[in-house]
Amino acid sequence: MKKVWIMTAMILMLLTAPCQAAEPDYLLVEASYTVQAADTLQSIAAEYMQKNTYGKRETREFIEGIRQLNEQLVNGSIHTGEVIRINYWIKK
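The notes below deal with the structure included here. Predicted model only: the values in this text are computed from it and were never measured.

### Here's the deal with the side chain of N70
Moving on, step 1. As for its position among the elements, N70 is in the loop between α3 (59–69) and β2 (83–91).
Moving on, step 2. Of the residues examined, N70 reaches a relative accessible area of 3% and is grouped as buried.
Moving on, step 3. In this structure N70 touches V83, I84 and R85, once residues within four positions along its chain are discounted.

In structure tokens form, the structure reads like this:
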């Protein structure tokens, strides 16, 4: 009977203990980039993919992410002086 009380007490302690959500081990970085004369979406993606330290990404996936963030890039062309938004992930 003593074991039953001890087990019941332990279960109650576990159930009433404050729960904390695990903090993610990554951070989303939101950057702005001003397009230079010789830039292409591929060259910009390659530069920012090096900064992306949380999981490997393919170039075309990264380019598609840039297009989705920047409605003006629907046709894929970029222009010198244009400011575009870029997101990437880093480990904490």
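### Observations regarding the packing of aromatic side chains
Each aromatic ring pair is characterised by the separation of its centres together with the angle its planes make.
Moving on, step 1. According to the stated counting rule, one finds four aromatic pairs in the structure shown.
Moving on, step 2. Ring centres of Y26 and W89 lie 5.1 Å apart, and the angle between their planes is 75 degrees; this geometry places the pair in the edge-to-face category. With Y26 in strand β1 (residues 26–34) and W89 in strand β2, the pair connects residues that are 63 residues apart, well separated along the chain.
Moving on, step 3. What makes W89 partly exposed here is its relative accessible area of 30%.
Moving on, step 4. For the pair Y48 and Y88, a centre-to-centre distance of 5.8 Å together with 50 degrees between the ring planes defines the contact as tilted. Remark: Y88 occurs in strand β2 and Y48 occurs in helix α2 (residues 41–51); sequence separation between them is 40 residues. The burial state of Y48 is the same as that of Y88; both residues are buried.
Moving on, step 5. Taken together, the ring pairs in this structure connect Y26, Y54 and W89 into an aromatic cluster.

### Focus: the pattern of salt bridges
Moving on, step 1. Tallied over the full model, the rule gives three salt bridges.
Moving on, step 2. The salt bridge partner of E61 is R57, with a shortest N-O separation of 3.8 Å.
Moving on, step 3. Overall, E61 belongs to the partly exposed group, its relative accessible area being 42%.
Moving on, step 4. Its salt-bridge partner being R60, residue E58 comes within 3.1 Å of it at the nearest N-O pair.

Rules used throughout
- Residues numbered from 1 in each chain as written.
- Predicted model: local features only at pLDDT ≥ 70, side-chain atom pairs only at ≥ 80, totals over all residues.
- Heavy atoms only, no water.
- Helix = DSSP H or I, 4+ residues; strand = E, 2+ residues; numbered from the N terminus.
- Buried < 20%, exposed > 50% of the residue type's maximum accessible area, 1.4 Å probe, protein only.
- Contact = heavy atoms within 4.5 Å.
- Phe/Tyr/Trp six-rings, centres within 6.5 Å; stacked < 30°, edge-to-face > 60°.
- Salt bridge = Lys/Arg side-chain N within 4 Å of Asp/Glu carboxyl O.

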